[in-house]
Amino acid sequence: YDAGGDGLSGRARIDPAARARSHREILRDVRPLLDHVDVASVNLETPLTTTDWRYPGKTFQFTSHPAAAGALADAGVDYAALGNNHVFDALTPGLDDTREALTRAEIGFSGAGTTRDAAWAPAIVNRGGTTVAYLSCTTIVGEQYRIDWSADRTGSETYTVEQGGRTLSVPGSAGVAEASADRLRTEIEGVRDRADVVVVQIHGGDEYQRRPTGTMRRLSEAAVDAGADLVVNHHPHVTGGFERRNGAVIAWSLGNLVFDQVLWETLRSYVLVVHADADGVRRVMAEPIVL
């Protein structure tokens, strides 16, 4: 990593001349699993930004360069879920940059925004006459910090952050969609008539545990009961199992795709391949990968 003038810390900066090429190289071996399908989606658990604003007091903070959006698109990614506990690590400037970078790369997204309604707005993808709606939300919203990153909690408040002699105002309405059974039912029922297939990604559960928590089970079942065809969960960093419920499929944890953890359990993962149409999920396969 080389120092530069783009505002990124040394831990997140890649030499500008090699930046895009480096990102594509990271995704090279998984690209064959992504670029041949109608729609490929990921959980994007980092802001794509060059800002040096950081979430105050947060132990683990992730940032990546906006060049990663183009690399994801080159690898075949069509949609990115933003409802997670790291997409707000660079506060509102980072979230704005992330949404702009994904838009430029023509990657759909949902799960985070400057308002509650924007965070919950679905991404709609059309392929071959079939319409797929993607919703994204998280159970992890930083309620232990002075500023949470939920778009659902403190919409009427404004927070002030001071860093490096500068001041940033952060509206409480900005952040991620916070998962709740009632909100999931409302959003799924609202998009059900607009889509042939409804996919919900929920971020939560216990890290490094393959079995779902009671909260994740209740949320996933509520999503299916409301009309979701596929529920994909992530956050534990290890793979979980699959479950059929009322014709829908729940994937309890997808493990990792690109991450630098060194625990062997986190290196064995899979890409989920789902065949679905207006009649529901037809077939599910797990393509194994090793990070």
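On a predicted model such as this, the values are computed, not experimentally measured, just so you know. (Residues numbered from 1 in each chain as written. Predicted model: local features only at pLDDT ≥ 70, side-chain atom pairs only at ≥ 80, totals over all residues. Heavy atoms only, no water.)

A. Structural detail: the overall build of the chain. Scanning the chain from terminus to terminus reveals 8 helices and 15 strands. Computed over C-alpha atoms, the radius of gyration of the chain comes to 18 Å, within 12% of the 19 Å expected from 2.2 N^0.38 for 291 residues, which places it in the range of a compact globule. Its C-alpha atoms put the chain at 55 × 45 × 35 Å along the principal axes. Looking at the chain as a whole, 52% of its 291 residues are labelled buried. Residue pairs at least 24 apart in sequence account for 66% of intrachain contacts in the chain once pairs closer than 6 positions are excluded. Surface summary for the chain: the accessible area is close to 13200 Å², and the carbon and sulfur share equals 46%. Side chains of the chain give 29 positive and 39 negative charges; the mean places of these two sets differ by 2 Å. (Helix = DSSP H or I, 4+ residues; strand = E, 2+ residues; numbered from the N terminus. Rg over C-alpha atoms; globule rule 2.2 N^0.38 Å. Buried < 20%, exposed > 50% of the residue type's maximum accessible area, 1.4 Å probe, protein only. Contact = heavy atoms within 4.5 Å. Areas by Shrake-Rupley, 256 points an atom, 1.4 Å probe, with all protein chains shown as cover. Lys, Arg positive; Asp, Glu negative; His and termini not counted. Charge placed at Lys NZ, Arg CZ, Asp CG, Glu CD.)

B. Fine view of the pairing of strand 8 (residues 166–171). As judged from the 6 bridges shared by strand 7 (residues 158–163) and strand 8, these two strands associate in the antiparallel manner. When the sheet's bridge partners are listed, Glu162 is paired in strand 8 with Thr167. (Pairing = 2+ DSSP bridges.)

C. Local environment of the packing of aromatic side chains. Counting across every chain of the model gives 6 aromatic pairs. With 5.6 Å between their ring centres and 75° between their planes, Tyr55 and Tyr145 make a pair best called edge-to-face. Here the residue Tyr55 occupies a position in the loop between strand 1 (41–43) and helix 3 (67–74), and Tyr145 occupies one in the loop between strand 6 (130–138) and strand 7, the gap between them amounting to 90 residues. Centroid distance Tyr145 to Trp149: 5.9 Å. Interplanar angle 35°. Geometry classified as tilted. Taking the relative accessible area as the measure of exposure, Tyr145 reaches 22% and is therefore partly exposed. Take Trp149: its relative accessible area is 2%, and that puts it in the buried class. Three or more aromatic residues joined by ring pairs make a cluster, and in this case those are Tyr55, Tyr145 and Trp149. Looking at Lys58, its charged tip hangs above the ring of Trp149, at a distance of 5.0 Å from the centre. (Phe/Tyr/Trp six-rings, centres within 6.5 Å; stacked < 30°, edge-to-face > 60°. Lys NZ or Arg CZ within 6 Å of the ring centre and 35° of its normal.)

D. Main features of the sheet that holds strand 11 (residues 230–234). Taken together, the 6 strands give an open sheet; going across it, the order is 5-6-10-11-13-12, and neighbouring strands pair in mixed fashion. Two strands lie at the open edges of the sheet, namely strand 5 (123–127) and strand 12 (242–245), each paired on one side alone. Adjacent strand axes in the sheet meet at a mean angle of 20°, parallel and antiparallel pairs treated alike. Pairing geometry for strand 6 and strand 10 (residues 197–203), over 7 bridges, is parallel. Across the sheet, residue Cys137 finds its bridge partner in strand 10, namely Ile202. This element, helix 6 (residues 181–192), spans strand 5, strand 6 and strand 10 of the sheet and lies at about 155° to strand 10. Contacts from helix 7 (residues 214–226) reach strand 10, strand 11, strand 12 and strand 13 (248–251), with the element oriented near 160° to strand 11. (Axes fitted to C-alpha atoms, helices over the stretch in contact; angles between N-to-C directions.)

E. A look at the sheet that holds strand 3 (residues 108–110). Strand order in this open sheet of 3 strands is 1-2-3, and the pairing throughout is parallel. For this open sheet the edge positions go to strand 1 and strand 3, each flanked by a neighbour on one side alone. Averaged over all neighbouring strand pairs, the angle between strand axes comes to 20°, with direction disregarded. Where strand 1 and strand 2 (residues 79–81) come together, 3 bridges link them in parallel fashion. From the neighbouring strand, Ser41 faces strand 2, where its bridge partner is Tyr79.

F. Geometry of the pattern of salt bridges. Inspection of every chain in the model, using the stated rule, returns 18 salt bridges. Put simply, Asp225 and Arg245 hold a salt bridge, and the shortest N to O gap is 3.2 Å. Of the two residues, Asp225 is situated in helix 7 and Arg245 in strand 12; the sequence distance between them amounts to 20 residues. Each member of the salt-bridge network shares a partner with another, and the members are Arg217, Glu221, Asp225, Glu243 and Arg245. (Salt bridge = Lys/Arg side-chain N within 4 Å of Asp/Glu carboxyl O.)

G. Summary view of a nonpolar patch on the surface. A cluster of nonpolar side chains, Ile26, Leu257 and Val258, forms an exposed patch at the surface whose accessible area comes to about 250 Å². Relative to the helices and strands, Val258 resides in the loop between strand 13 and helix 8 (264–267). (Patch = residues over 30% accessible without salt bridge, like charges linked within 9 Å, V, L, I, M, F, W, Y side chains within 5 Å.)

H. Highlighting the side chain of Asn256. Mapped onto the fold, Asn256 is located in the loop between strand 13 and helix 8. Apart from the residues within four sequence positions on either side, Asn256 is in contact with His237, Gln261, Thr266, Ser269, Ile289 and Leu291.

I. Seen up close, the pairing of strand 13. Neither face of strand 13 is left uncovered, since the one carrying Ala248 and Ile250 and the one carrying Val249 and Ala251 both have all their residues buried. Taken together, the 3 bridges between strand 11 and strand 13 define a ladder with parallel strand orientation. Bridging from a neighbouring strand, Leu230 pairs with Val249 of strand 13. Note that strand 12 and strand 13 share 4 bridges and pair antiparallel. Residue pairing for strand 13: Phe242 is matched across the bridge by Ala251. Here strand 12 hands over to strand 13 after 2 residues, with Asn246 in that stretch at a positive phi of 55°.

So yeah, pure geometry; function would need other evidence.
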